[in-house]
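# Structural characterization, general
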Amino acid sequence: MKRKSKIRLTLISTGIWICFIPAAILNGGLRDKFLNHAMGERYATPVSGILLCIFILIITRLLLPHIGPLSGKERCCIGLLWTLLTVAFEFTFGLAAGNTLNELLAAYNPTTGNLWLLVVITTFLSPFASSRLRFP
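These lines cover the structure that appears in this document, whether it is placed above or below. Please read all numbers here as calculations on a predicted model, not as lab measurements. (Residues numbered from 1 in each chain as written. Predicted model: local features only at pLDDT ≥ 70, side-chain atom pairs only at ≥ 80, totals over all residues. Heavy atoms only, no water.)

### Details of the packing of aromatic side chains
In this structure the tally under the stated criterion is five aromatic pairs. When the ring of Trp17 is compared with that of Phe89, the centres are 6.0 Å apart and the planes differ by 75 degrees; the resulting orientation is edge-to-face. In this pair, Trp17 is assigned in helix α1 (residues 6-18) and Phe89 in helix α4 (residues 72-96), connecting sequence segments 72 residues apart. What makes Phe89 partly exposed here is its relative accessible area of 32%. Taken together, a centroid distance of 6.2 Å and an interplanar angle of 55 degrees make the contact between Phe124 and Phe128 tilted. Note that Phe124 and Phe128 are positioned in helix α6 (residues 116-129) at a spacing of four residues, about one turn of the helix. Given a relative accessible area of 31%, Phe128 falls into the partly exposed group. An aromatic cluster is present here, built from Trp17, Phe89 and Phe93 joined pairwise through their rings. (Phe/Tyr/Trp six-rings, centres within 6.5 Å; stacked < 30°, edge-to-face > 60°. Helix = DSSP H or I, 4+ residues; strand = E, 2+ residues; numbered from the N terminus. Buried < 20%, exposed > 50% of the residue type's maximum accessible area, 1.4 Å probe, protein only.)

### Focus: the packing of helix α2 (residues 20-39) against helix α3 (residues 41-63)
Relative orientation and spacing of two packed helices are given, respectively, by the angle between their axes and the distance between those axes. Look at α2 against α3: their axes get within 9 Å of each other, and the N-to-C directions meet at 150 degrees. Between α2 and α3, the crossing angle belongs to the class labelled roughly antiparallel. Regarding α2 and α3, the two cross each other, and that crossing is right-handed. Where α2 abuts α3, its residues Phe20, Ala23, Ala24, Asn27, Leu30, Arg31, Leu35, Asn36 and Met39 lie against Glu41, Tyr43, Ala44, Thr45, Val47, Ser48, Leu51, Leu52, Phe55, Ile56, Ile59 and Thr60. (Axes fitted to C-alpha atoms, helices over the stretch in contact; angles between N-to-C directions. Parallel < 35°, antiparallel > 145°, perpendicular 65-115°, else oblique. Left-handed = near helix turned anticlockwise from the far one by under 90°. Contact = heavy atoms within 4.5 Å.)

### Some points on the side chain of Thr123
Mapped onto the secondary structure, Thr123 falls in helix α6. Setting aside residues up to four positions removed in sequence, Thr123 forms contacts with Phe20, Ile56, Gly79, Trp82, Thr83 and Thr86.

### Thoughts on the nonpolar core
Grouped together as the largest cluster of nonpolar side chains are 18 residues, with contacts concentrated most on Leu64, Ile67, Ile78 and Trp82. Elements represented by at least two residues in this core include exactly α1, α2, α3, α4 and α6. Here this core gets four residues from one element, more than from any other, and that element is α3. Those residues within four positions of Leu64 in sequence are excluded, and the remaining contacts are Ile16, Ile59, Leu70, Arg75, Ile78, Trp82, Pro127 and Ser130. (Core = buried A, V, L, I, M, F, W, Y, C linked by side-chain atoms within 4.5 Å.)

### Some details on α1
Spanning 13 residues, α1 covers 18 Å between terminal C-alpha atoms, matching the ideal 18 Å at 1.5 Å per step. Buried positions along α1 lie against α2, α3 and α4. (Expected span 1.5 Å × (residues − 1).)

So this is what it looks like as structure tokens:
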């Protein structure tokens, strides 16, 4: 089998990461329109974080195998790339939307009920987990 080029691997894995964006937007809409009303913001926020983690794992499991066999190092690089893209996206668009740096950093405190830190960790680990996940 031909060795994957680093550029090709980066482009394809970035394309997969881009699929996380609509999932995150839909998840936020689900939280705002349904979960907040059904269970209140106190519970809706962590439930939404868990749902986003599940969506990331599903997307990764469905799309990452199309790249072909990956080494542990390649999975680590993909996870790191996705984590950096996620944090950069969060801060860039959060600041552009008028959020303060303190507001954005507060999302990384799980004691507030916000599980964003879990989402970031899941994003990093999902390339490793995808090889272990099996759907019926």
